[in-house]
Amino acid sequence: MKRKAVRTEEDIESTFEKYADMLYSISLIMLKNSRDAEDTVQDSFIRYIQSDKSFESDEHKKAWLITVASNLCRDRLRASKRHRQEPIGELTEFSQDNEESGILDALTRLPEKYRIIMLLHYVHEYKVREIARMLDISESAAKMRLKKGRELLRDIYRKEYM
Amino acid sequence: MENPIRKSVSGIRLSEESKRRMLSQIKKEAESGANKKNIIRFTAIAAAICVLMAGGIIAAVLIDNTDSGKNIEIKEAGIYGRETKGTDEGTDEVTQKPESTPGYQTSSADTEDAPYTSETGEILSNGIYYEKELYEKLRGEFSEKKTEMVISCHEGEAMYLFSFEGKSYYDIEAQLIKDELEIKRLYNVKNMLTQESSSAQDGQADAEYDPYGQPVDELLKKYRKADGKADIQQLENDIAQTEKKMQTDSEYCAKAQNAFFLDFAEKAQQDLKNCGIKDTEIINNYCHITASGKEMEKINVKRKNMYYIEQYDPQMPQSYNDGDTVIAE
C-alpha cells in the first residue's frame with residue numbers, strides 16, 4: 001500500500017517558492033488575466049495540500065502541479081465564455097524588449113490547446129511523451145498540436161511584427 | 001542561442017506582495033483542512049455506525065420477509081448516461097456515454113485501453129479519429145449538414161517510416177537532434193571555460209561530464225591553447241558554425257515534413273474518392289474535405305488508425321489555410 005504524504009509547513013513553503021512563478025506564468029498566458037491566474041496558482045497549491053499523493057521526485061511533483069494548474073485553467077475558461085481578458089499591454093510589460101513582447105503577444109493569441117502545449121515544450125522543456133501524459137492526449141495528437149502551434153505562432157509573429 | 005519563447009515568458013513572475021498573500025491564504029487553508037479532516041473522520045465513524053445499525057435492521061426485515069414466503073426482488077441501482085468522475089488533478093470530468101448511431105459505433109474509445117479519451121475525441125469503427133466537437137456535430141442534429149474538415153495523419157510513427165530523397169525521415173530528424181545536443185554541449189563547455197577563467201584558480205576545469213551527462217574532457221582539451229588558456233574565440237566560431245548547420249538541417253527537415261504531409265494528403269484524398277466522397281481539395285499540404293455526417297459514414301479506408309480529422313477553423317491565420325508551406329522554426 002502506498003504511504004500517504006503529509007504536507008509540513010516547510011514543505012508547503014519550499015514547494016510554493018519553487019513552483020509558484022512557473023505556475024503563474026502558465027496560468028497568466030492561458031487565462032490572460034492576472035487575478036484569475038493568481039487564483040489558479042492558489043487553488044493549485046490548495047489541491048496540493050489537500051492531496052495525499054506522494055511524489056517519486058521533484059520532477060514528478062512539478063509535472064503534477066502543472067497538470068493541476070492547466071486543468072484548473074481549462075475549467076475556468078470553460079466556466080466563463082465571457083472571460084474578461086487583460087489588455088495585451090499588461091502582459092507584454094513582463095518582457096524586456098520588443099522582440100520578446102511580440103513573441104509573448106503571439107503566444108497569448110494562439111488557441112488554448114496550442115498555447116499550453118507550446119509552453120510546456122518550449123518553456124518547460126517537456127518531451128512530447130510527457131506532455132501527452134500530462135494533458136491526457138495521445139503522443140501523435142501532442143505532436144500534431146505542437147507542429148500546428150509552431151506554424152500559428154510563426155504566422156502571427158510574421159504578420160504582426162516583421 | 002536562447003530559446004525566444006522561453007525568453008519571452010521568463011519575465012513573468014508573481015510580485016512579492018502577491019506571494020506573501022497567497023502563501024498565507026494557502027497556509028490558512030492547510031490549517032482549516034486539517035480541522036475539517038478531523039471533523040470528517042469523526043462524522044465518518046458516526047456514519048459507519050449508523051450504516052451498520054441500519055444494515056442490521058434491513059437484514060432482520062428481509063429474513064423476516066423470506067421466512068414468510070414473500071418474493072423479494074432486489075434491483076441493482078444503475079446510473080445511465082452521465083457519470084461524474086472527480087479527479088484530484090483539477091477537473092470534474094463529465095463523461096457522456098455515446099448513444100448508438102448507425103455507422104458511428106465507438107470501437108475502442110469505450111474500452112479501458114482506449115488510446116484516446118472522450119476528452120479529446122472519438123475513434124470510430126472505421127479507425128478514424130475525430131476531434132470531439134466535430135464528432136458531436138457529425139453524429140448529431142447536423143448529420144445532414146455539410147462541414148468542412150481537415151485531415152491529418154494522427155500516427156506519428158507513419159512519418160518515421162517515410163523516405164525523403166532516399167533518406168528516412170527518422171534519420172533526418174535524428175540529425176537535427178544531434179545538432180541541438182552538440183550546440184548544448186558547446187555552450188556548456190563555454191560556460192565551464194568562462195567560469196574557470198573568471199575564477200582564475202588553477203586554470204583547469206576538472207568536470208568530466210557536462211550537466212547533460214556527456215563527457216567533456218576531449219572538448220575541454222580541444223579548446224585549450226598551448227599556454228593552458230581557453231580558446232573562447234575558436235569555441236564561438238564552432239558554435240556559430242554548428243548553429244548554421246542546424247539551421248540548414250532544420251530547413252531540410254521541414255521540407256521532408258512537408259513532403260510527408262503532402263504525400264499523406266494525396267493518399268487520403270484518393271482513399272476518400274474511392275469511398276465516394278468527392279468534395280476534397282489539397283490546401284497547404286493538408287487534405288480538406290467537405291462532407292455531411294451521413295457521407296462520412298461511407299468511409300472505409302484501408303489505412304486504418306492513421307486519419308485524424310478536425311474541423312476546419314476559418315479563424316486560423318490565413319497562411320494555415322492557403323499560405324506558405326515552410327515549417328522551419
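Residues numbered from 1 in each chain as written. Chains lettered and ligands numbered in written order. Predicted model: local features only at pLDDT ≥ 70, side-chain atom pairs only at ≥ 80, totals over all residues.

The helix and strand tally for chain B stands at nine helices and 10 strands. The buried share among the 329 residues of chain B stands at 20%. Taking contacts inside chain B between residues at least 6 apart in sequence as the whole, the part at least 24 apart equals 59%. (Helix = DSSP H or I, 4+ residues; strand = E, 2+ residues; numbered from the N terminus. Buried ≥ 20, exposed ≤ 12 C-beta atoms within 10 Å, placed from the backbone. Contact = placed C-beta atoms within 7 Å.)

Let's shift gears to the overall build of chain A. Across its full length, chain A holds eight helices and zero strands. Starting at the N terminus, the α and β elements of chain A follow one another as α-α-α-α-α-α-α-α.

So, about unusual backbone geometry. A positive phi angle, near 55°, is found at Glu-125 of chain A, a position not held by glycine. The topology assignment puts Glu-125 of chain A in the loop between helix 6 (112-123) and helix 7 (128-135). Residues other than glycine seldom take positive phi values, yet Glu-165 of chain B does so here, at roughly 50°. Note on placement: Glu-165 of chain B falls in the loop between strand 6 (163-164) and strand 7 (167-168).

Along the chain, Ile-46 of chain A turns up in helix 2 (residues 34-50). Take Ile-46 of chain A: there are 18 C-beta atoms within 10 Å of it, and that puts it in the partly exposed class. Taking C-alpha positions, Ile-46 of chain A is 9.8 Å from Ile-12 of chain A, a pair spaced 34 residues apart along the chain. Ignoring any residue separated from it by four or fewer positions in sequence, one finds Ile-46 of chain A in contact with Ile-26 and Glu-29 of chain B.

So, on to the nonpolar core. Leu-23, Ala-69 and Leu-107 of chain A are the most contacted members of the largest nonpolar core, which has 49 residues in total. Discounting residues that sit within four places of it in the chain, Leu-107 of chain A has contacts with Ile-29, Arg-115, Met-118 and Leu-153 of chain A together with Ile-5 and Ser-8 of chain B. Formed by 29 residues, the second largest nonpolar core is a distinct cluster that contains Val-150, Ile-289, Ala-291 and Tyr-307 of chain B. (Core = buried A, V, L, I, M, F, W, Y, C linked by C-beta atoms within 7 Å.)

The subject of this paragraph is the pairing of strand 8 (residues 280-283) of chain B. Two faces, one strand: in a regular strand the side chains alternate between the faces of the sheet. Residue and element names in this part refer to chain B. Relative to strand 9 (residues 286-291), strand 8 runs antiparallel, the two being bridged by four bridges. Bridged to Thr-280 within strand 9 is Ile-289. Counted between consecutive antiparallel strands, the loop separating strand 8 from strand 9 contains two residues, among which Asn-284 sits at a positive phi close to 50°. (Pairing = 2+ DSSP bridges.)

Here we take up helix 7 (residues 232-274) of chain B. All names here are of chain B. Over its 43 residues, helix 7 extends 62 Å from the first C-alpha to the last, a length consistent with the 63 Å expected when each residue adds 1.5 Å. Those residues of helix 7 lying buried are Cys-253, Ala-256, Gln-257, Phe-260, Phe-261, Phe-264, Ala-265, Ala-268, Asp-271 and Leu-272. Positive phi appears at Gly-276, one or two residues downstream of helix 7, with a value of about 90°. (Expected span 1.5 Å × (residues − 1).)

This part covers the environment of Val-68 of chain A. Residues and elements named next belong to chain A. Mapped onto the elements of the fold, Val-68 is located in helix 3 (residues 58-79). In this structure Val-68 comes out as buried when scored by C-beta crowding, with 24 C-beta atoms within 10 Å. As a C-alpha pair, Val-68 and Tyr-48 span 20 residues in sequence and 8.7 Å in three-dimensional space.

This part is about the pairing of strand 5 (residues 147-153) of chain B. Residues and elements named next belong to chain B. Of all seven residues that make up strand 5, five are buried, and the element is covered over most of its length. Pairing between strand 5 and strand 9: five bridges, direction antiparallel. Following the sheet pairing, Met-149 is matched in strand 9 by Ile-289. Of the strand pairs in this sheet, strand 5 and strand 10 (residues 307-311) are connected by five bridges, and their pairing is antiparallel. Looking across to strand 10, one finds that Val-150 is bridged to Glu-310.

Quick look at helix 1 (residues 9-31) of chain A now. At Tyr-19 of chain A, helix 1 of chain A shows its maximal kink, close to 45°. Just past helix 1 of chain A, the residue Lys-32 of chain A takes up positive phi, approximately 55°. (Bend = angle between axes of the 7 residues up to and from the residue.)

All names here are of chain A. The interhelical angle for the contact between helix 1 and helix 2, taken along N-to-C directions, is 140°, at an axis separation of 8 Å. As summarised for this structure, helix 1 and helix 2 are arranged oblique, according to the angle between their axes. Crossing handedness for the pair helix 1 and helix 2: right-handed. Side by side, helix 1 and helix 2 meet where Ile-12, Thr-15, Phe-16, Ala-20, Leu-23, Tyr-24, Ser-27, Leu-28 and Leu-31 of the first sit next to Ser-34, Asp-36, Ala-37, Thr-40, Val-41, Ser-44, Phe-45, Tyr-48 and Ile-49 of the second. (Axes fitted to C-alpha atoms, helices over the stretch in contact; angles between N-to-C directions. Parallel < 35°, antiparallel > 145°, perpendicular 65-115°, else oblique. Left-handed = near helix turned anticlockwise from the far one by under 90°.)

Before going further, it helps to examine the confidence of the model for chain A. Residue and element names in this part refer to chain A. This prediction gives chain A a mean pLDDT of 79; 81% of its residues lie at or above 70. Least confident of the elements in chain A is helix 4 (residues 88-92), whose mean pLDDT is 54; most confident is helix 1, at 90. Throughout residues 81-88 the model reports pLDDT below 50, and contacts reaching past four residues in sequence, or to other chains, amount to 10 contacts. (pLDDT = per-residue confidence, 0-100.)

If you want to describe how two helices pack, look at the angle between their axes and the distance between the axes. All names here are of chain A. At a closest axis distance of 10 Å, the pairing of helix 1 and helix 6 adopts a crossing angle of 160°. By the angle between their axes, helix 1 is roughly antiparallel relative to helix 6. Considering the relative orientation of helix 1 and helix 6, their crossing is right-handed. On helix 6, the residues that touch Ile-26, Ile-29 and Met-30 of helix 1 are Glu-112, Arg-115, Ile-116 and Leu-119. Of the residues contributing to the contact of helix 1 with helix 6, the split by class is five nonpolar, no polar and two charged. (Nonpolar A, V, L, I, M, F, W, Y, C, P; charged D, E, K, R; others polar.)

Further remarks concern the confidence of the model for chain B. Residue and element names in this part refer to chain B. Of all residues in chain B, 56% have pLDDT values of 70 or greater, and the mean over the chain is 66. Throughout residues 60-119 the model reports pLDDT below 50, and contacts reaching past four residues in sequence, or to other chains, amount to 60 contacts. Scored below 50 in pLDDT, residues 315-329 shows 32 contacts in the model against residues more than four places distant or in partner chains. Among the scores for the predicted complex, ipTM is 0.77 and pTM is 0.43.

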